[in-house]
There are 2 protein chains.
Amino acid sequence: MSVMEMSHRGKEFMSIIQKAESDLRKLLEISEDYAVLFLQGGATTQFAAIPLNICKPQDDVDFVVSGSWGDKAYKEALKYCKPNVIWSGKSNKYTALPSFENLDQNANARYLHICANETIHGVEFKDYPEAKNKDGLLIADMSSNFCSKPVDVSKFGIIYAGAQKNVGPSGVTIVIVRKDLIGNAQEITPVMLDYKIHADNNSLYNTPPCYGIYMCGLVFEDLLAQGGLVEVEKKNVKKAKVLYDAIDASGGFYRCPVEKSVRSLMNVPFTLEKSELEGEFVKEAAKEGMVQLKGHRSVGGMRASIYNAMPLAGVEKLVAFMKEFQQKHG
Amino acid sequence: MSVMEMSHRGKEFMSIIQKAESDLRKLLEISEDYAVLFLQGGATTQFAAIPLNICKPQDDVDFVVSGSWGDKAYKEALKYCKPNVIWSGKSNKYTALPSFENLDQNANARYLHICANETIHGVEFKDYPEAKNKDGLLIADMSSNFCSKPVDVSKFGIIYAGAQKNVGPSGVTIVIVRKDLIGNAQEITPVMLDYKIHADNNSLYNTPPCYGIYMCGLVFEDLLAQGGLVEVEKKNVKKAKVLYDAIDASGGFYRCPVEKSVRSLMNVPFTLEKSELEGEFVKEAAKEGMVQLKGHRSVGGMRASIYNAMPLAGVEKLVAFMKEFQQKHG
C-alpha cells in the first residue's frame, strides 16, 4: 500500500508523521514548549492565521517589510489587527535590511514580524532583532530558508514555512508555535486556521497532505544523516560564496544589487550590465540544462535559487557558464 | 525534472494544470459559467470559505444535516452567517434522507447546503432537491462521491470536494463555482479563502500542491479513457450491489443500517448481529489483505469504502470472506 492510499488515522501514517515531527525537533532542537504543526495553504494562509490566533482586532503589530513576502504578510494582517510598517526596504528596491538598533519598535505591539529570507529579492537576515514589544514576541516567515541552517527556535514565538523550498513538495506548511500562544483565536477564525484545533489533534483534524508529509520526513532524515543543520549550512555557505564571488569578480558584467552583509544563501538575484543580453543568457543556460534562472516577473533580471537540494557542482556549472557567456559577450 | 521540482509558473506546470482542468470540464460537462479551482485545505476549509464568499453576516442559510460532515459544515457556517438546520438525520443515527417535498426551505435563505455523500454514515443523495431560496442556490459537498457518477453541475451554485477519495492524493481541494458568485467576499475573508483571488490567478496565486494536481490530472485522463462517468457509475453500481446483496442475504448476520433508497455507492457501513465478533472480523480480514474495514471511531461497526479505484474483484473478495466468516461464526 502506498502512503497515498493509507488512512491518515491508521498506525502506519501515524508513525510517519510522528517520526517526521521528531526528526524536525532534533534538527532544529525544538523544545517541548513548542507545538509542531503540519498544515496546508502555504505561508499565505499563515499571514491570516497568525493575527487571527494571537491578536485581538485592536492590537498593534510591528512589521519589518524587507520584500514582497513581508509586504503580503503586512497587508493580510490589516484585516485582523492594527499592523504598522516600522521599516521598509521598498525605497531601496528591497536590497537591504535595517540595523536593529534603529528599529523603531512599538512597546505595545503584540509581536514583531519579519520575513527571514525574501525569495524574490535575495535578502536574508543573518541574525535576528530582539523583539522589544510587551511580550518579547518575534515571529518569522522562514519559507525560503527553513532548514538551510541552524536557528535558535527559542527566540521566536512562531516560525512558519511552506515546505516546498528546502524540505518537501508544495502543499505542506510547517508551523512551529510556542504552546502558550495557542488557544485564544478570534471568533471569526476558520477552524482550519485555528492552531488549537491542529495542536489538539496532532495535525490530524482532517485529512492532511499525507504524501507531502511523508516526503518531508524523508528529507529530515536525510538532513540528519548529513550531520544536521550545522553541516547543511556549511555547504550552503560554500555554494553561495562560489556564486557571489563570480558575480563580484566579473568587473561589473554581472551585478548583485543586494547589500553584501545581507545577501541570501538561498536566492541569488543578479543582473547583466548589458540588460539586453538577459534573454539570451536565460536561453543559452537552458540549452545547457540550467532552467528557472529568470528573475521573478516583479523584479526582472536573473535569480539562481540554490536551495539545500542544489549541489555545489550545480553552482559550479552555472559559474563556468557565466564566465563563458561573459567571454563571448563581454 | 520531476513535477515536484517544477516552478508552478513555468509552462510545463501550466500545461499540467490546464489539462487537468480541461479534462475535468469534459468529465462533468462543466460550462464556462463556472470557474474550476484547485485549492488546499480540504472540504473543512470550504465550510468557512463558502459563507465568507457568498454571504453577508446577516444572511440565512438552509442546511440539510445528513451526517457528520453536513453537521461540521453547519457549525462552521455559524461564524459567518445565520445557518438553520432545516432537516437532520441525527435522531435516526443518520441512516436516512428527507423527502424533498417535506423540506421546510426558507425562501429568504442565501443557499441550501447538502452533503452529497456522508462518508462515515454511508448515506448518499441519488437525486438533488430543488433550492427554493430567493436565488435558487444549491451547494454540495461532494468530497466522497466526486467523479463517481455523472452530475448535472448546472443545478448547483458551488460543488466542492477534497480530492483524496476518488480523484487524487490528499492535499488538493476542487471547487466548482458559478462565476457570478465570485467577487463579493466578506472583508474578513483570508486571501487564501477568497475565490476571486484564485479565479483571477487560475489557481496559481501562491504555490499550489503541484504534485497532487498532477496526479488528479492523471486520474481525470483515466476516467475519460474508461468512457467517462456514465461508465464509471455502472462499475460503481455493480460493485455496491454485490456487497449490499451479500449483506441483505446474510439472514441478519450482517446488517446495513442505512435505508435502502439512499445507500451510498461509495461507503458501505455494516454491523454484525453478534457485535462481539467485530474485532475478530477486522483482524481476520486484515490477515487476508483487506484493511481499513473498521467503521469510523464515531459510529463503530465496519465500513467498506469502495471508491472508484477499488476493483470489482476487491469487493468480490470481501464478500467471499464475509460468507466464510459467517459459516465459521454463524
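Residues numbered from 1 in each chain as written. Chains lettered and ligands numbered in written order. Predicted model: local features only at pLDDT ≥ 70, side-chain atom pairs only at ≥ 80, totals over all residues. Heavy atoms only, no water.

The name given to chain A in an unreviewed UniProt entry is Phosphoserine aminotransferase, with Artemisia annua as the source organism. The heading Sequence similarities (unreviewed entry) in the UniProt record of chain A holds the text "Belongs to the class-V pyridoxal-phosphate-dependent aminotransferase family. SerC subfamily." Under the heading Cofactor (unreviewed entry), UniProt records this for chain A: "pyridoxal 5'-phosphate". (UniProt positions renumbered as here; feature names shortened; annotations may be inferred.)

To continue, consider the sheet that holds strand β10 (residues 254-255) of chain A. Within a beta sheet, neighbouring strands are joined by backbone hydrogen bonds and run either parallel or antiparallel to one another. Residue and element names in this part refer to chain A. The 3 strands lie next to each other as β10-β11-β12, forming an open sheet whose pairing is antiparallel. Pairing within the sheet leaves two strands with one partner each, and these edge strands are β10 and β12 (302-305). Sheet analysis places strand β11 (residues 267-272) next to β12, joined by 4 bridges and oriented antiparallel. From the neighbouring strand, N267 faces β12, where its bridge partner is S305. Most of the contacts of helix α6 (residues 229-248) go to β11, to which it runs at about 15°, and overall it touches β10, β11 and β12. (Pairing = 2+ DSSP bridges. Helix = DSSP H or I, 4+ residues; strand = E, 2+ residues; numbered from the N terminus. Contact = heavy atoms within 4.5 Å. Axes fitted to C-alpha atoms, helices over the stretch in contact; angles between N-to-C directions.)

Right, let's get into the packing of aromatic side chains. Residues and elements named next belong to chain B. Counting across every chain of the model gives 33 aromatic pairs over all chains. Between the aromatic rings of F47 and W69, the centroid separation amounts to 6.4 Å while the plane-to-plane angle is 50°, which identifies the pairing as tilted. Note that F47 is positioned in helix α2 (residues 42-54) and W69 in helix α3 (residues 68-77), a separation of 22 residues in sequence. Among the residues examined, F47 registers a relative accessible area of 4% and is labelled buried. (Phe/Tyr/Trp six-rings, centres within 6.5 Å; stacked < 30°, edge-to-face > 60°. Buried < 20%, exposed > 50% of the residue type's maximum accessible area, 1.4 Å probe, protein only.)

Moving on, we come to empty space enclosed by the protein. This structure, assessed with the given rule, holds 6 cavities of 30 Å³ or more. One number sums up the size of the largest cavity: a volume of about 210 Å³. For the lining of the largest cavity, the secondary-structure elements that each account for two or more residues are β1 (34-39) and α2 (42-54) of chain A. Considering each element in turn, the lining of the largest cavity owes the most residues, 3 residues, to α2(A). Class assignment for the residues of the lining of the largest cavity results in 10 nonpolar, 11 polar and no charged. Within this model, the second largest cavity holds a volume of roughly 150 Å³. Taken together, 17 residues make up the lining of the second largest cavity; nearest its centre are S170(A), Y211(A), G212(A), S170(B) and G212(B). (1 Å grid on protein atoms, 1.4 Å probe; cavity = no way out; pocket = protein on both sides within 12 Å on 5 of 7 lines; lining within 4 Å. Points joined across faces, edges and corners; volume = space filled by probe spheres on them. Nonpolar A, V, L, I, M, F, W, Y, C, P; charged D, E, K, R; others polar.)

Moving on: the environment of Y211(A). Position of Y211(A) relative to the elements: it lies in helix α5 (residues 210-225). Expressed as a C-alpha distance, the spacing of Y211(A) and M4(A), which sit 207 residues apart in the sequence, is 5.7 Å. Those residues in contact with Y211(A) that lie beyond four places of it in its chain are V3(A), M4(A), M4(B) and Y211(B).

Bring the parts together and some accessible area is lost; that lost area is often taken as the interface size. All names here are of chain A. As assigned here, chain A comprises domain 1 (11-225) and domain 2 (229-329). Taken together, the contacts link 23 residues of domain 1 with 22 residues of domain 2. Across the interface of domain 1 and domain 2, roughly 1,900 Å² is buried in total on both sides, 59% from carbon and sulfur atoms. Counting across the domain 1 and domain 2 interface gives 0 salt bridges. Summed over the shared surface of domain 1 and domain 2, the result is 11 residue pairs in polar contact (both at pLDDT 80 or more). (Domains from an automatic or database assignment. Buried area = accessible area lost by both parts, 1.4 Å probe. Salt bridge = Lys/Arg side-chain N within 4 Å of Asp/Glu carboxyl O. Polar contact = N/O pair within 3.5 Å; in protein donor to acceptor, adjacent residues only side chain to side chain.)

Turning our attention to the relation of the copies chain B and chain A. Of the transformation superimposing chain B on chain A, the axial component is 0.0 Å and the angular component is 180°, with the fit at an RMSD of 0.0 Å. Between the two chains, the operation in question is that of a two-fold axis. Most of the interface of chain B is mirrored in chain A, where 100% of its interface residues are also at the interface. (Least-squares fit on C-alpha atoms with pLDDT ≥ 70 in both.)

Another point: the environment of G171(B). Residues and elements named next belong to chain B. Tracing the backbone through its elements, the reader meets G171 in the loop between β8 (158-162) and β9 (173-178). Residue G171 is classed as buried on the basis of its relative accessible area, which comes to 6%. In this structure the C-alpha to C-alpha distance between G171 and I213, which are 42 residues apart in sequence, comes to 9.0 Å.

Residue and element names in this part refer to chain B. Taken together, 3 strands build an open sheet; the order of strands is β10-β11-β12 and the sheet is antiparallel. Each having just a single partner strand, β10 (254-255) and β12 (302-305) make up the two edges of the open sheet. Across the sheet, helix α7 (residues 278-287) touches β10, β11 (267-272) and β12, and the angle it forms with β11 is around 125°.

On to the packing of helix α7 (residues 278-287) of chain A against helix α8 (residues 312-329) of chain A, then. Residues and elements named next belong to chain A. Interhelical geometry of α7 versus α8 gives an angle of 130° and a closest axis separation of 11 Å. Relative to α8, α7 is oriented oblique. Classified by chirality, the crossing of α8 by α7 is right-handed. Residue-level contacts link E280, F281, E284 and A285 of α7 to L318, F321, M322, F325, K328 and H329 of α8. A breakdown of the residues in the contact of α7 with α8 according to their chemical character gives 6 nonpolar, 1 polar and 3 charged. (Parallel < 35°, antiparallel > 145°, perpendicular 65-115°, else oblique. Left-handed = near helix turned anticlockwise from the far one by under 90°.)

Residue and element names in this part refer to chain A. For the structure on display, the rule yields 38 salt bridges over all chains. A salt bridge links K19 to E221; the shortest N-O distance between them is 3.0 Å. With K19 in helix α1 (residues 11-28) and E221 in helix α5, this residue pair connects regions lying 202 residues apart in the sequence. Sharing partners across several salt bridges, the network here consists of K19, D23, K26 and E221.

Looking now at the packing of α6(A) against α8(A). Any two packed helices are characterised by how steeply their axes cross, that is the angle between the axes, and by the distance between the axes. Residue and element names in this part refer to chain A. Between α6 and α8, whose axes approach to 9 Å, the crossing angle comes to 5°. The angle between α6 and α8 falls in the class roughly parallel. Taken together, the residues of α8 that come into contact with α6 (itself represented by K238, K239, V242, L243, A246 and I247) are L312, V315, E316, L318, V319 and M322. For the contact of α6 with α8, the residue count by class is 9 nonpolar, no polar and 3 charged.

Turning our attention to the side chain of S203(B). Residues and elements named next belong to chain B. Relative to the helices and strands, S203 resides in the loop between α4 (195-200) and α5 (210-225). For S203, a relative accessible area of 5% corresponds to the buried category. From its side chain, S203 meets the backbone nitrogen of F38 in a polar contact 3.0 Å long.

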